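# Close look at the chain arrangement
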Amino acid sequence: MSVQKPSIPKGTRDFSPLEMVRRNYIFDKIRKTFQLFGFQPIETPAMENLSTLLGKYGEEGDKLLFRILNSGDFLSEIKQSGITTENSKDIAPLISEKGLRYDLTVPFARFVVQHQNEITFPFKRYQIQPVWRADRPQKGRYREFFQCDVDVIGSDSLYNEVELVQITDQIFAQLQIPVKILINNRKILYGIAESIDAAEKLSDITMAIDKLEKIGLEKVKEELQQRGLPDKAIDKIIPVITLDSTICDKIDFLNAYFIHSETGRKGLEEISYLIEYLKGLELHNKFDFDIRLARGLNYYTGTIIEVKPLESSIGSVGGGGRYDDLTGIFGLPNVSGVGISFGADRIYDIMNECGLFPEVLQSTTKILFINFGTEEEKYCISLLSTLRASAIPAEFYPENAKLKKQMEYANRKNIPFVALVGKDEMESGSITLKDMKSGEQKAVSFEELKNVLLL
RNA sequence: GUGGUAGUAGCUCAGCAGGUUAGAGCGCCAGAUUGUGGAUCUGGAGGUCGUGGGUUCGAUCCCCAUCUUCCACCCCA
């Protein structure tokens, strides 16, 4: 048998100990913040039935779903159905009924419906798990990546939106990543579409204007034309999307603009409430009302939020919004939810790029005990137990190897202290403690040792 | 899914108008130093030149396919 070259699927990654310690640093900060606001954890399976996932993310989203081939004789269904077409679209549902989750929001909606009788509403949950997308990988874009979701379901109140912005602000402040929090409202976007008599073109309009900053006004006009918008409508939309002024001016402008759009006025009312609240808070990061913010996922109905890093090429590190009827498709209508999701992998990339990880994360063990032999081993093991009982990560080198090798081990693992306990130390009841950074070493008592390590 | 870019030692890269034993730096291993790591010195190991096919007397180099990376589009965390 020939030896095969080891490899992992495109767009997936292994994580080394150093990377994991750093990733956990991010997860810990996020998790603690979620908990601080009273959110509770849940987890859902990596795979869902395709019926749960399909049609929730738009046509593009369906294409990006990873599908799982049925087990066993997966062609049997096809034989029975007598289908002769070679069209993969017809065959796909017959040979695959499960898929990997694309995000955490839709599985959450499924969870809520399925467990509605056990849940106390409003239900505040957080969920930190990987998701999969069959996208073509790029920098900051992976096929397997972690999302950190917080959602409140079963409450219409805009107060929830306020807390979500607070959570966002606190998380990025803690991680020391400067961000801009952009907010908008789907009802405003609908209002705009309605005001130019193109309500049915809502998603075409939003997708086009979302790109304004990136491709410029002329290209946006072109795209709107291509998407079938009449020139008259385009002329009417230009002043809105090019509006570059203070939040108050934007609201005033839209108020006049939405004279014939009730939905638009409702959206304005909602965003005004949110903004007024946010102005009263002391946030670390800036927020802005961005009329152009659209967000692709088509289940959003109200507030939409996006988090953009100020000092990185990576576009977005988080996003979310309100969805009024996501549970409806699963049989639980009239339940509104709002949530936001943070991309842990992109956060990692940015922190790495900007050198934002604390240096202490380099070392996981505080002290290494040198192995001098069996006698010393027995003597040291109780010392180690005592240290560990005080929550000091400590290890004993498992082999009676050359001192050089053991010291090197400590050095590589960035262990800051080494304890040498041989015959001499056992007799005198002391410990020779070496500070690996300064190179200094001295004989100390066990109590002194503990005090040094607890610093 | 569309268009481009690159792939040579563990890492970063050199190389060749197609021609004998493919190099460097860093890293790794061993020794100088049997109770002391980082620095220095000495020696050593390590390559199907991404994979498969083709052209050729001969391919790491040219051609095709394929995989992977990065970039742009699409879309998105």
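Residues numbered from 1 in each chain as written. Chains lettered and ligands numbered in written order. Predicted model: local features only at pLDDT ≥ 70, side-chain atom pairs only at ≥ 80, totals over all residues. Heavy atoms only, no water.

## Looking at the sheet that holds strand β7 (residues 179-185)
Strand order across the open sheet formed by eight strands is β1-β5-β6-β11-β10-β9-β7-β8, with mixed pairing between neighbours. Every other strand in the sheet has two partners, leaving β1 (40-41) and β8 (286-289) as the edge strands with one partner each. Where strand β5 (residues 123-132) meets strand β6 (residues 144-153), ten bridges bridge the pair, whose relative direction is antiparallel. Within β6, the position partnered with Y126 by the bridge is V150. Along the sheet face, helix α1 (residues 17-36) touches β5, β6 and β11 (337-343) and points at about 5° away from the line of β6. Sheet strands touched by helix α15 (residues 344-353): β6, β9 (303-309) and β11. Its angle to β11, the strand with the most contacts, is close to 40°. (Pairing = 2+ DSSP bridges. Helix = DSSP H or I, 4+ residues; strand = E, 2+ residues; numbered from the N terminus. Contact = heavy atoms within 4.5 Å. Axes fitted to C-alpha atoms, helices over the stretch in contact; angles between N-to-C directions.)

## Brief notes about a nonpolar patch on the surface
A grouping of L69, F74 and L75 is seen on the molecular surface, where their side chains present a nonpolar patch of about 240 Å² in accessible area. Note on placement: F74 falls in the loop between β3 (67-69) and α4 (76-81). Given the relative accessible area of 31%, F74 is considered partly exposed. (Patch = residues over 30% accessible without salt bridge, like charges linked within 9 Å, V, L, I, M, F, W, Y side chains within 5 Å. Areas by Shrake-Rupley, 256 points an atom, 1.4 Å probe, with all protein chains shown as cover. Salt bridge = Lys/Arg side-chain N within 4 Å of Asp/Glu carboxyl O. Buried < 20%, exposed > 50% of the residue type's maximum accessible area, 1.4 Å probe, protein only.)

## Section: helix α7 (residues 159-174)
In an α-helix, one turn spans 3.6 residues; hence positions three or four apart end up facing the same way. Under the 1.5 Å per step criterion, the end-to-end length of α7 is 23 Å for 16 residues, consistent within 8% with the ideal 22 Å. The set of residues buried in α7 consists of N160, E161, V162, E163, L164, V165, I167, T168, D169, I171 and F172. (Expected span 1.5 Å × (residues − 1).)

## Re the pattern of salt bridges
Applying the stated rule across the entire model yields 19 salt bridges. Its salt-bridge partner being E270, residue K187 comes within 2.9 Å of it at the nearest N-O pair. Within this pair, whereas K187 is found in helix α8 (residues 186-195), its partner E270 is found in helix α14 (residues 262-279), the two being separated by 83 residues in sequence. A salt bridge links E223 to K211, with the nearest nitrogen and oxygen atoms 2.7 Å apart. Of this pair, E223 sits in helix α11 (residues 217-226) while K211 sits in the loop between α9 (202-209) and α10 (212-215), and the two are twelve residues apart along the sequence. Accessibility expressed as a relative area gives 13% for E223, which makes it buried. Exposure remark for K211: the relative accessible area of 31% places this residue in the partly exposed category.

## With respect to the nonpolar core
Formed by 96 residues in total, the largest nonpolar core has its most connected members in F34, F342 and I347. One finds C380, L383, L387 and I431 within the second-largest nonpolar core, a separate group that totals 18 residues. (Core = buried A, V, L, I, M, F, W, Y, C linked by side-chain atoms within 4.5 Å.)

## A closer look at unusual backbone geometry
Along the chain, F121 connects to P122 via a cis peptide bond; the corresponding omega equals -5°. Relative to the helices and strands, P122 is located in the loop between α6 (105-114) and β5. In this structure, D197 takes a positive phi of about 55° despite not being glycine.

## Some words on the sheet that holds strand β2 (residues 47-49)
Spatially, three strands are ordered β2-β4-β3 in an open sheet, and the strand pairing comes out antiparallel. The sheet terminates laterally at β2 and β3, the two strands that pair on one side only. Averaged over all pairs of adjacent strands, the angle between strand axes in this sheet comes to 45°, irrespective of strand direction. Note: β3 against strand β4 (residues 96-100), three bridges, orientation antiparallel. What sits directly across from R67, in β4, is G99. Of the strands in this sheet, β3 and β4 touch helix α5 (residues 88-95), which is tilted by about 85° from β4.

## Quick notes on the side chain of E48
Relative to the helices and strands, E48 is located in strand β2. Given a relative accessible area of 5%, E48 falls into the buried group. Looking at E48, its side chain comes within polar contact range of the side chain of R110, at 2.6 Å. Setting aside residues no more than four positions away along its own chain, E48 makes contact with L53, E97, K98, G99, P107 and R110. (Polar contact = N/O pair within 3.5 Å; in protein donor to acceptor, adjacent residues only side chain to side chain.)

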